Structures are given as structure tokens and as C-alpha cells.
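A look at the structure
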Amino acid sequence: MAKVAREMVEKAGVNVDQLLELLVKNASAELTTYYYYTILRVNLIGLDGEGIKEIAEVARIEDRNHFEALVPRIYELGGKLPDCMKAFHDASACPPARLPTDPRDIRAMLQTLVEAERCAVRGYTHICNMTAGKDHRTYDLALAILNEEIEHESWFSEFLGEGPSGHFMRHGETSPFVSKFLK
Amino acid sequence: MREITLDELRAADGHEGRPAWIGYAGRVYDVTESFLWQRGSHQALHKAGRDLTVELEAAPHGAEFVEGFPVVGQLIPRSTGGNTCER
């Protein structure tokens, strides 16, 4: 635990235990989404599915990166991950992104993907609001993750016909915002 | 519509098998079955058994998330019994 770092955050007026619970819940959301996206990606097949497979894969890998980036901050602040995987899954800040009943229904697949991203966008916006100007390190991390979650949302939203995402897909690299926390 | 007092709302806190109800804009909603309201707690910040009308204003989502839950009844803004006297 980084004792003084936690003390500074507490002194700035952040309820650190509450923040830690949120960070654990969001770490759970990232890892469980990585798991569920694996199943979604495998089932993105056929003429329609193949077109979405690559961005689903990028979102999947980046969500795992978010989990990896969140864990050190949880321990720095004196928190920990649950020792039971089921408890960790059930603590997720977002509902499970389960495979739709009909996996050939690409629109249903996209709805599942975009809803998962929207849940994440809400969650990290909230953490940013909670830590802005108070817990600089958590804010920096949450903002980096938020940037990537917003891009994921806009990719899937574009495929749903809600309008252009405004940017282009990744060129081989992943996590352009979060990678600095993974080095 | 069924009338629900603040005491009844407070008792539905989602703990020990009790239902999880939340108040919003004069109505009481049942969130017991929601994945995001397990054990009467939502995102580490919000607790069941309370009127969350004011808290929702600061939430990163709109009222539509609450209004999608089953309505239990109408919240009566007055407690019954207890040790306090109304003035």
C-alpha cells in the first residue's frame, strides 16, 4: 500500500473505501467483459459478423488491458481483489455481456456490445467526476480508460446506424491511452 | 396504486433476503432482481430503502434506468409511528 498516497487522497476529501469499491467493481467489469467478449467474438461469423469481429477483438483486448491497469491502483490505495472469482464476477459494475439467444442476430450482438461500453462510459465518467482535482493518479487512469471506452462505444454505435464514429480503427496497436500504465 | 410509507421503503433495503426498493419522484420501484442492485447496493454509492430522487440528479445516467423497473407503489412522504412527533 502507498500509505502517503492514500492519505493525500483522503485529505483531498475522497472517500477512499468507496472509491476502492468502485475500482474493484470496474476491474471486475473489465475482466468479465473480456471473458464474455471472447464468446461474442467467436460467434461473430458470416458475412455480417466478420465485419465486426476485428473491432470486437480490439475492444476485448483493451478491456483486459483496463483490468491490468486498474489492479495496481487498487493495491496502492490499500484495496484488494476478492479471493473468490465468483464473488469478483458478481461484484461487476456492469451486467454480464452474455451471448444473445440467437447469435446470428448481428443487431442483437451489437446491442450487447454497445450496452457494455455505455455502462463502462458511465462508470468511468463517474470515477473521473469523483476524483478530479483530488486524486490525480486515479483520475489520470480513469480518464485514459474512459477515452478508450468512448471509442469502443462509438465503433459499435456506428455499426448500429446511429451515426459515424468520427475516427478510424486501430492500426495494429491497442490501448493508445492506457498503454502508459502498462509499461 | 399502493401507498408506501418511508418506513416501509426503509425496510426494503435488500439485505438478508428482504426486497430492494428505491424511491424516485414519488414512486417506489422494485430493483430486487437487478444485477446492479445486489444486496441493496448500487455502484458502491447508492443504497436501497431510500428515496434517491436527489441522488439521481448526480448520476451518470437518466431517470429512464429507474423507470424501467417494476413499480411497487406511490411513496407517501410521511413516516408512521416512531418517536418523532409531527409539528
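Residue numbering note: each chain is counted from 1, following its sequence as written. Just so you know, chain letters begin at A and ligand numbers begin at 1, following the order they were written in. Local features are withheld for residues below a pLDDT of 70 in this predicted model, meaning they are given only at 70 or higher, and side-chain atom pairs are given and counted only at 80 or more; totals for whole chains, interfaces and linings count all residues.

In the annotation of an unreviewed UniProt entry, the entry for chain B reads Cytochrome b5 heme-binding domain-containing protein, and the organism field reads Bipolaricaulis sibiricus.

1. As for the overall build of chain B
The cut-off we apply is this: Strands here mean DSSP runs of E at least two residues long; helices mean DSSP runs of H or I at least four residues long; both are numbered from the N terminus. In this scheme every C-beta is placed from the backbone, and a residue whose C-beta has 20 or more other C-beta atoms within 10 Å is buried, one with 12 or fewer is exposed, and one in between is partly exposed. For the purpose of contact definition, each residue receives a C-beta atom placed from its backbone, and two residues are in contact when these atoms lie within 7 Å.
Scanning chain B from terminus to terminus reveals three helices and seven strands. Tracing chain B from N to C terminus, the helices and strands come up as β-α-β-β-β-β-β-α-α-β. Of all 87 residues assigned to chain B, the portion counted as buried reaches 24%. Long-range contacts, defined as pairs at least 24 residues apart, comprise 68% of the intrachain contacts of chain B with a sequence gap of at least 6.

2. Describing the nonpolar core
Put simply, the test is: Linking buried Ala, Val, Leu, Ile, Met, Phe, Trp, Tyr and Cys residues through C-beta atoms within 7 Å yields a set, and such a set is a nonpolar core.
Residues Leu23, Leu40, Ala56, Leu113 and Ile145 of chain A are the most contacted members of the largest nonpolar core, which totals 44 residues. When residues of this core are assigned to their parent elements, the largest contribution, 11 residues, is made by helix α2 (residues 16–43) of chain A. Filtering out sequence-adjacent residues up to four positions away, Ile145 of chain A remains in contact with His66, Ala69, Tyr124 and Val178 of chain A. With 14 residues, the next largest nonpolar core counts Ala20, Ile22, Phe69 and Val72 of chain B among its residues.

3. Re the pairing of strand β3 (residues 27–30) of chain B
Residue and element names in this part refer to chain B. Applied cut-off: Between any two strands, at least two bridges found by DSSP are needed for them to pair.
Sheet topology places strand β2 (residues 21–24) next to β3; four bridges connect them, and they run antiparallel. In the sheet register, Trp21 faces β3, and the bridge partner there is Asp30. With antiparallel pairing between neighbouring strands as the criterion, β2 and β3 make up a hairpin whose turn holds two residues, including Ala25 at a positive phi of roughly 50°.

4. As for the sheet that holds strand β6 (residues 50–51) of chain B
Picture the strands of a sheet paired through backbone hydrogen bonds; they go either parallel or antiparallel. Residues and elements named next belong to chain B. Spatially, the five strands line up as an open sheet ordered β1-β7-β3-β2-β6, and their pairing is mixed. In this open sheet, the two edge strands, each paired with only one partner strand, are β1 (3–5) and β6. Direction of pairing for β3 relative to strand β7 (residues 71–76): antiparallel, over a ladder of three bridges. Across the sheet, the residue bridging to Tyr29 is Val71, located in β7.

5. Concerning the UniProt feature "domain: Cytochrome b5 heme-binding" (unreviewed entry) in chain B
Quick note on the threshold: UniProt positions are given in the numbering used here, feature names are shortened, and annotations may be inferred rather than shown by experiment.
On the UniProt side, "domain: Cytochrome b5 heme-binding" (unreviewed entry) is annotated at positions that read residues 4–76 of chain B here. End-to-end, the C-alpha atoms of residues 4–76 of chain B are 6 Å apart, and along that stretch the chain is 21% helix and 30% strand.

6. Some points on the interface of chain A and chain B
Interfaces are frequently sized by the accessible area removed from exposure as the parts join. So the rule is basically this: Throughout this entry, Asp, Glu, Lys and Arg are counted as charged residues, while Ala, Val, Leu, Ile, Met, Phe, Trp, Tyr, Cys and Pro are counted as nonpolar. The remaining residues, Gly among them, count as polar.
Every contact between the two is made by 10 residues of chain A and, on the other side, eight residues of chain B. Only α2 and α5 (106–131) of chain A provide two or more residues apiece to the side of chain A that touches chain B. At four residues, α2 of chain A tops the list of elements feeding residues into the side of chain A that touches chain B. Each residue belonging to the side of chain A that touches chain B can be placed in one class, and the counts come to three nonpolar, three polar and four charged.

7. Brief notes about the packing of helix α3 (residues 46–76) of chain A against α5 of chain A
Residue and element names in this part refer to chain A. What counts here: Axis angles are defined between N-to-C directions and span 0 to 180 degrees, where every axis is a line fitted to C-alpha atoms and, for a helix, only to the segment in contact. What sets the label is the angle itself: under 35 degrees gives roughly parallel, over 145 gives roughly antiparallel, 65 to 115 gives roughly perpendicular, and the rest give oblique. Take the far helix as your reference; a near helix turned counterclockwise from it by less than a right angle gives a left-handed crossing, and one turned clockwise gives a right-handed crossing.
Taken N-terminus to C-terminus, the directions of α3 and α5 make an angle of 15°; their axes are 11 Å apart at the nearest point. The angle between the axes of α3 and α5 places the two elements in the roughly parallel class. Note on packing geometry: the crossing formed by α3 with α5 is left-handed. On α5, the residues that touch Asp48, Gly49, Ile52 and Ala56 of α3 are Ile106, Leu110 and Leu113. Looking at the contact of α3 with α5 residue by residue, the class counts come to five nonpolar, one polar and one charged.

8. Focus: unusual backbone geometry
All names here are of chain B. For Gln43, which is not glycine, the phi dihedral falls at a positive 50°. Located in the positive-phi region is Ala44, a residue other than glycine, with phi close to 65°. Relative to the helices and strands, Ala44 resides in the loop between β4 (41–42) and β5 (46–47). Take Ala44: there are 20 C-beta atoms within 10 Å of it, and that puts it in the buried class.

9. With respect to the environment of Ala120 of chain A
Residues and elements named next belong to chain A. You can see Ala120 is positioned in helix α5. Residue Ala120 is classed as buried on the basis of its 26 C-beta neighbours within 10 Å. With sequence-adjacent residues up to four places away left out, Ala120 is seen in contact with Ala29, Cys94 and Glu149.

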